[in-house]
Amino acid sequence: MDAERQDGARWTLTSVALVVRGPELDPEALTARLGLEPTGTRPPGPSRWGRPGDVDGEWRLQCDERTARAFAAQLDTVLAAAEPHRESWRALTAEGLSVSLVVRGYVDNDAQLALSVAQMRRVADLGLPLTLTPSTSER
């Protein structure tokens, strides 16, 4: 195995998002409730871009390469916005909505995604699931 590749292979074109989803989600009401402007929303109902059968509404706060090139900066941006609303995320989960941190990116064999101990602690303190969604398709 090529040592340089194993040490240097990283996820590319990453994005980090805090995502709230649910069949009864009203994105405008959630924005008003949080006082936090999302980067994207979708009301409940069929979506031509979503998976077949996916009718959940969505509220998304996302940071990607257009805002910050480095994954660590993307994660820090989303965490800094999410942390003051920690109790809101817990309340939304208790109300039956899905709230999670989602990391997406392109990967090759043996690609690594580095999270510092401090970042992992911040994610854990939010009490939200962290979903890693690697794509192995050609880019």
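Procedures and definitions
Residues numbered from 1 in each chain as written. Predicted model: local features only at pLDDT ≥ 70, side-chain atom pairs only at ≥ 80, totals over all residues. Heavy atoms only, no water. Helix = DSSP H or I, 4+ residues; strand = E, 2+ residues; numbered from the N terminus. Buried < 20%, exposed > 50% of the residue type's maximum accessible area, 1.4 Å probe, protein only. Pairing = 2+ DSSP bridges. Axes fitted to C-alpha atoms, helices over the stretch in contact; angles between N-to-C directions. Contact = heavy atoms within 4.5 Å. Left-handed = near helix turned anticlockwise from the far one by under 90°. Nonpolar A, V, L, I, M, F, W, Y, C, P; charged D, E, K, R; others polar.

Caption draft 1: Quick look at the overall build of the protein. A tally of regular secondary structure across the protein gives 5 helices and 5 strands. Going residue by residue from the N terminus, the α and β elements of the protein occur as α-β-α-β-β-α-α-β-α-β. Judged by the C-alpha coordinates and their principal axes, the protein covers about 50 × 35 × 25 Å. Each of the 139 residues in the protein was classed as buried or not, and the buried ones make up 37%.

Caption draft 2: Quick look at the sheet that holds strand β1 (residues 12-22). Pairing is mixed across the open sheet formed by 5 strands, whose spatial order is β2-β3-β1-β4-β5. Whereas interior strands pair on both sides, the edge strands pair on one side only; in this sheet they are β2 (40-42) and β5 (130-135). Across this sheet, the average inter-strand angle for adjacent strands is 20 degrees, counted without regard to direction. When β1 meets strand β3 (residues 57-64), the two strands line up antiparallel, connected through 8 bridges. Each bridged residue has a counterpart across the sheet, and for valine 16 the counterpart in β3 is cysteine 63. Along the sheet, helix α2 (residues 27-34) contacts β1, β2 and β3; its crossing angle with β3, the most-contacted strand, is approximately 60 degrees. On top of the sheet, helix α3 (residues 71-82) reaches β1, β3 and β4 (98-106); it is set at about 25 degrees to β1, its chief contact.

Caption draft 3: Seen up close, the packing of α3 against helix α5 (residues 117-126). Closest axis-to-axis distance for the α3/α5 pair is 11 Å, and the angle between their directions is 35 degrees. When the axes of α3 and α5 are compared, the crossing they make is left-handed. Residue-level inspection shows Ala72, Leu75, Asp76, Leu79, Ala80 and Ala82 of α3 in contact with α5, the latter providing Gln119, Arg122, Val123 and Leu126. Considering only residue class, the contact of α3 with α5 consists of 7 nonpolar, 1 polar and 2 charged.

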